Amino acid sequence: MDLTFSDAETGFRDELRDWFAGNDPGPEPRTADAHQAWRRDFQRRLYDGGWAAPHWPVEYGGRGATLTQSAIFFEELGRARAPLPANVLGLLLGGPTLMVWGTDEQKDRHLGPILSADEIWCQGFSEPDAGSDLAALKTRAVRDGDGWVVTGQKVWTSGAQYSKWCMLVARTDPAEARHKGLTYFLMDMEQDAVQIRPLRQITGESEFNELFIEEARIADDQVVGGAGNGWRVAMTTLMNERAGLAFFLQVRLRNLLDDLIAEAAARGRLADDLVAERLGDLHVRTELLRLTAYRGLTAIEKYGQPGPEGSLTKWMWSDANQRLAQLAADILGPDALVTGSPWAYELLRARGNSIEGGTTEILKNIVAERVLGLPRLR
Ligand SMILES: Cc1cc2nc3c(=O)[nH]c(=O)nc-3n(C[C@H](O)[C@H](O)[C@H](O)COP(=O)(O)OP(=O)(O)OC[C@H]3O[C@@H](n4cnc5c(N)ncnc54)[C@H](O)[C@@H]3O)c2cc1C
């Protein structure tokens, strides 16, 4: 593929760079609540500037950006060291899912507040016995009058404590085969029947939560894509999950690597051959990730939707990010373990990278079977 930007793409990038130059996000707070407030504030600024979701069609409040422009947006967001918008799950997963499967009323009701960050969204897919194997989920939804009554438990629900809406997949027909009989709901989180319990992570913060759902009510008009069609709707959500982030993640990796090189230089460690070799290795991995992310664009252009290649970039990023955090710890020694230091945070937070958004083992299966065409195990 040709990586040279067209005039329109360069113009888009320059306009965006100008905007970021006048909208410094400021230093990144370390506590979870302050971090969320920082991200929400920044999303509102993006929204006011018309940049909250450039990849959305103009009719829904986006800019109708092309795939390459959308990639440029995430690259520039990372380059400006700006945060991912607070409502990243609504912008990247929920909104695009509604655009495919939602009714006109659902789009009218939900897309605006997603863009403006007035209503934050979370993703209620994983359960204690259903993570990689999503179709094993047990949360039940039973029809009751003109709505549904939902009971069950979700886990690892990121940002649930800040969310108004949850993309919830529940079993509505237990007699059906596993992938059938599921329905995709938008559940209002502001009801007593939904209890949110934060889970404390190794970093000390609580990004994610357990959800205990005891006869929560969902109106019929919050079913997305029709009853019994939940698996297909959920796949739309998951396909969008890995596709959008690759460009942001590769720039974030680049920024961290540049910081680490500066840190190593300041400590006189660049003369150490082993350190230089490991930094060089990470530089190559970062470039590979960037180029593979661009190659993924070609696949989307060809097939009209994100393909299994997104699994490759997610796997490459989590592997490189964990290596980088470990190298930082090796270079900084005990300084990397000081509570509250950015490198201590990176080292601890990186552990989850190979689990969130699909574990590395599952991604390797997808790459083996659907990218390389190797035989299936079963
Ligand atoms: C930071 C973070 C944020 C998250 N946010 C959310 C969220 O907002 N919403 C949400 O719904 N979920 C969220 N998750 C959950 C995440 O999607 C799951 O943790 C993930 O899908 C794995 O599921 P599991 O934890 O149940 O592990 P399991 O699926 O039980 O897997 C356990 C181990 O077995 C391996 N394994 C499982 N099946 C296979 C197989 N077929 N072949 C080879 N190995 C296999 C896995 O790789 C893993 O090592 C989050 C997780 C993290 C870490």
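Residues numbered from 1 in each chain as written. Predicted model: local features only at pLDDT ≥ 70, side-chain atom pairs only at ≥ 80, totals over all residues. Heavy atoms only, no water.

A. Representation of the site of the ligand within the structure. Close to the ligand lie 17 residues; Gln123, Ser132, Trp156, Thr359 and Glu361 are nearest. At 2.8 Å from a nitrogen atom of the ligand is found a side-chain nitrogen or oxygen belonging to Ser126. Protein chains bury 66% of the 980 Å² of accessible surface belonging to the ligand in isolation. Per-element accounting of the shell around the ligand gives the leading share, three residues, to helix H10 (residues 360-371). Of the residues assigned to the shell around the ligand, the class counts are five nonpolar, nine polar and three charged. (Near = heavy atom within 4 Å. Polar contact = N/O pair within 3.5 Å; in protein donor to acceptor, adjacent residues only side chain to side chain. Areas by Shrake-Rupley, 256 points an atom, 1.4 Å probe, with all protein chains shown as cover. Helix = DSSP H or I, 4+ residues; strand = E, 2+ residues; numbered from the N terminus. Nonpolar A, V, L, I, M, F, W, Y, C, P; charged D, E, K, R; others polar.)

B. Region of interest: the side chain of Thr68. Residue position: Thr68 is located in helix H3 (residues 67-79). Once residues within four sequence positions are removed from consideration, Thr68 is found in contact with Phe5, Glu9, Leu297 and Glu301. (Contact = heavy atoms within 4.5 Å.)

C. Molecular detail of the pairing of strand S7 (residues 209-219). Of the pairings in the sheet, the one linking strand S3 (residues 147-155) to S7 comprises eight bridges and is antiparallel in character. By the bridge assignment, Val155 is partnered in S7 with Glu210. As judged from the five bridges shared by strand S6 (residues 194-198) and S7, these two strands associate in the antiparallel manner. Bridge pairing in S7 places Pro198 opposite Asn209. (Pairing = 2+ DSSP bridges.)

D. Quick peek at helix H2 (residues 32-48). Helix length check: H2 (17 residues) gives 24 Å between terminal C-alpha atoms against 24 Å at 1.5 Å per residue, within 8%. Those residues of H2 that fall on the buried side of the exposure criterion are Gln36, Trp38, Arg39, Phe42, Gln43 and Leu46. End-on view of H2: buried residues confined to an arc of 160 degrees, all on one side of the axis. Seen from the buried face of H2, the exposed residues on the opposite side, beyond 90 degrees, are Asp33 and Asp48. Among the structural elements, helix H1 (7-21), H3, helix H4 (88-101) and helix H5 (104-116) are those in contact with the buried residues of H2. The positive-phi residue at the C-terminal boundary of H2 is Gly50, with phi of around 75 degrees. (Expected span 1.5 Å × (residues − 1). Buried < 20%, exposed > 50% of the residue type's maximum accessible area, 1.4 Å probe, protein only. Arc of directions from axis to C-beta.)

E. Local environment of the packing of aromatic side chains. Using the criterion set out here, one finds nine aromatic pairs in the structure. When the centroid spacing of 6.0 Å and the interplanar angle of 70 degrees are considered together, the rings of Trp19 and Phe42 count as edge-to-face. Of the two residues, Trp19 sits in helix H1 while Phe42 sits in helix H2, which places them 23 residues apart along the sequence. Residue Trp19 is classed as buried on the basis of its relative accessible area of 14%. The exposure class assigned to Phe42 is buried, which follows from its relative accessible area of 1%. On the basis of an interplanar angle of 75 degrees and a centroid distance of 5.2 Å, the ring pair of Phe73 and Phe74 is categorised as edge-to-face. Each member of the pair Phe73 and Phe74 is classed as buried. Through successive ring pairs, a cluster of aromatic residues spans Trp19, Phe20 and Phe42. (Phe/Tyr/Trp six-rings, centres within 6.5 Å; stacked < 30°, edge-to-face > 60°.)

F. Just the nonpolar core, in detail. If you look at the biggest cluster of nonpolar residues, it comprises 71 residues, and the most contacted ones within it are Leu77, Tyr184 and Leu260. Broken down by element, this core gets its largest block of residues, 11 residues, from helix H6 (residues 230-266). The residues touching Leu260, leaving out its near neighbours within four places in the chain, are Leu279, Leu324, Leu327, Ala328, Ile331, Leu332 and Trp343. In terms of nonpolar packing, the next biggest core, distinct from the first, is built from 18 residues, Ala160, Val194, Ile213 and Ile218 among them. (Core = buried A, V, L, I, M, F, W, Y, C linked by side-chain atoms within 4.5 Å.)

G. Structural context of a nonpolar patch on the surface. Taken together, the side chains of Val371, Leu372 and Leu374 make up a nonpolar region of the molecular surface, amounting to roughly 260 Å² of accessible area. The class for Leu372 is exposed, based on a relative accessible area of 58%. (Patch = residues over 30% accessible without salt bridge, like charges linked within 9 Å, V, L, I, M, F, W, Y side chains within 5 Å. Salt bridge = Lys/Arg side-chain N within 4 Å of Asp/Glu carboxyl O.)

H. Up close: the environment of Val275. With respect to the helices, strands and loops of the structure, Val275 is situated in helix H7 (residues 273-303). Sequence separation of Val275 and Ala177 is 98 residues, and the distance between their C-alpha atoms is 53 Å. Apart from residues no more than four positions distant in its own chain, Val275 is found in contact with Arg269 and Ile331.

I. Representation of H7. Counted at 1.5 Å a residue, the expected span for H7 with its 31 residues is 45 Å, and the 45 Å between its end C-alpha atoms agrees. Among all positions in H7, only Val275, Leu279, Leu282, Thr286, Leu289, Thr292, Ala293, Tyr294, Gly296, Leu297, Ala299 and Ile300 are buried. Between the side-chain oxygen at the start of H7 and the backbone nitrogen of Leu274 there is a gap of 2.9 Å, and the oxygen is on Asp272.

J. Representation of the packing of helix H8 (residues 309-332) against helix H9 (residues 342-349) in the model. Running from amino to carboxyl end, H8 crosses H9 at an angle of 140 degrees, the nearest separation of the two axes being 8 Å. Comparing their axes, H9 and H8 come out oblique. The handedness of the crossing between H8 and H9 comes out as left-handed. Residues Leu324, Ala325, Gln326, Ala328, Ala329 and Leu332 of H8 lie in contact with H9, whose contacting residues are Trp343, Glu346 and Leu347. The residue makeup of the contact of H8 with H9, split by class, is seven nonpolar, one polar and one charged. (Axes fitted to C-alpha atoms, helices over the stretch in contact; angles between N-to-C directions. Parallel < 35°, antiparallel > 145°, perpendicular 65-115°, else oblique. Left-handed = near helix turned anticlockwise from the far one by under 90°.)

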